[in-house]
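Here are the chains, one letter per residue:
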Amino acid sequence: MSRIGKQPIPIPTGIKVEIQGTHVTVLGGKGTLERDIRPEIDVNEQDNMLICTPKGTSKKVMALWGMTRSLINNMIVGVHQGFAKKLMVEGVGYRANINAQTLTLNVGYSNGVEFILPEGITATVDKDNSINIQGIDKELVGLTAAQIRDIRKPEPYKGKGIRYFDEHIVRKVGKAGGKK
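Structure report, in brief. (Residues numbered from 1 in each chain as written. Predicted model: local features only at pLDDT ≥ 70, side-chain atom pairs only at ≥ 80, totals over all residues. Heavy atoms only, no water.)

Strand order across the open sheet formed by 3 strands is β8-β9-β10, with antiparallel pairing between neighbours. Both outer strands of the open sheet, β8 (95-99) and β10 (113-116), are each paired with one neighbouring strand and no more. For this sheet, the mean angle separating the axes of adjacent strands, direction not counted, is 20°. Pairing of strand β9 (residues 102-106) with β10 involves 4 bridges; the strand directions are antiparallel. Looking at the pairing, L105 lines up with V113 of β10. Contacts from helix α2 (residues 138-151) reach β9 and β10, with the element oriented near 170° to β10. (Pairing = 2+ DSSP bridges. Helix = DSSP H or I, 4+ residues; strand = E, 2+ residues; numbered from the N terminus. Axes fitted to C-alpha atoms, helices over the stretch in contact; angles between N-to-C directions. Contact = heavy atoms within 4.5 Å.)

Structural data, given as structure tokens:
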């Protein structure tokens, strides 16, 4: 039995959840999120809680049960609090600038790399070259952060590149030099 799927999802005050068949819409102070869920899972609202129940007992349905519960919970948390990821730009001469919805990165290439932020994502750049990515869709925030990191992944010798704030880069030893 799914340990995650059987947990009820609390609905905070100010959040409105609409369920129409397999379509779930969550409205909150930060915005609106919609998602179609699998027909193998029923979602019902009881006493300011959402309860997900599977329609079968197969291994696939049990896996979908926990995943569906997590997706709906992330929608509720997103419109209530939002999600954020923080990236660090490290390296001599490496910097990031934001202009409207365009993030410009100077990370060692001959020209700056321009990254257009998707709709629903906002970003800020601090003085210490950290990029804060925020949004209500957890999946989109994580995907955007991963795409920005892929522009210049951190290298293991000097640690230059774009990394997550809490990411630890395992450093390698450089050349040892010639023996005499």
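Continuing now.
So, on to the pattern of salt bridges. Side-chain pairing between opposite charges can occur once the charged atoms of the two side chains come close. As enumerated under the stated definition, the model contains 7 salt bridges in all. One salt bridge connects K16 with E18, and the closest N-O pair in it is separated by 3.5 Å. We classify E18 as partly exposed; its relative accessible area is 28%. Across the pair K55 and D42 runs a salt bridge whose closest N-O atoms are separated by 3.5 Å. Separated by 13 residues along the polypeptide, K55 in the loop between β6 (49-54) and α1 (59-80) and D42 in strand β5 (residues 41-46) bring together distant segments of the chain. Taking relative accessible area as the criterion, D42 reaches 31% and is therefore assigned partly exposed. (Salt bridge = Lys/Arg side-chain N within 4 Å of Asp/Glu carboxyl O. Buried < 20%, exposed > 50% of the residue type's maximum accessible area, 1.4 Å probe, protein only.)

Bringing the nonpolar core into the picture now. V17, V26, L50, I72 and I76 are the most contacted members of the largest nonpolar core, which totals 20 residues. Of all elements in the fold, only β3 (23-27), β5, β6 and α1 reach the threshold of two or more residues within this core. Looking at this core, the element that brings in the most residues is α1, giving 7 residues. Leaving out residues up to four positions away in the same chain, L50 has contacts with P8, I9, I11, V17, I19, V43, N44, E45, I72 and I76. (Core = buried A, V, L, I, M, F, W, Y, C linked by side-chain atoms within 4.5 Å.)

An ideal rise of 1.5 Å per residue puts 32 Å on 22 residues; α1 measures up with 32 Å between its terminal C-alpha atoms. V61, L64, W65, G66, T68, R69, I72, N73, M75, I76, G78 and V79 are the residues of α1 that are buried. Note on α1: the residue one or two positions beyond its end, G82, has a positive phi of about 90°. (Expected span 1.5 Å × (residues − 1).)

On to the side chain of S130, then. Here S130 shows up in strand β12 (residues 130-135). At 3.0 Å, the side chain of S130 forms a polar contact with the side chain of D128. Setting aside anything within four residues of it in sequence, one finds S130 in contact with K86, L87, M88, T124 and V125. (Polar contact = N/O pair within 3.5 Å; in protein donor to acceptor, adjacent residues only side chain to side chain.)

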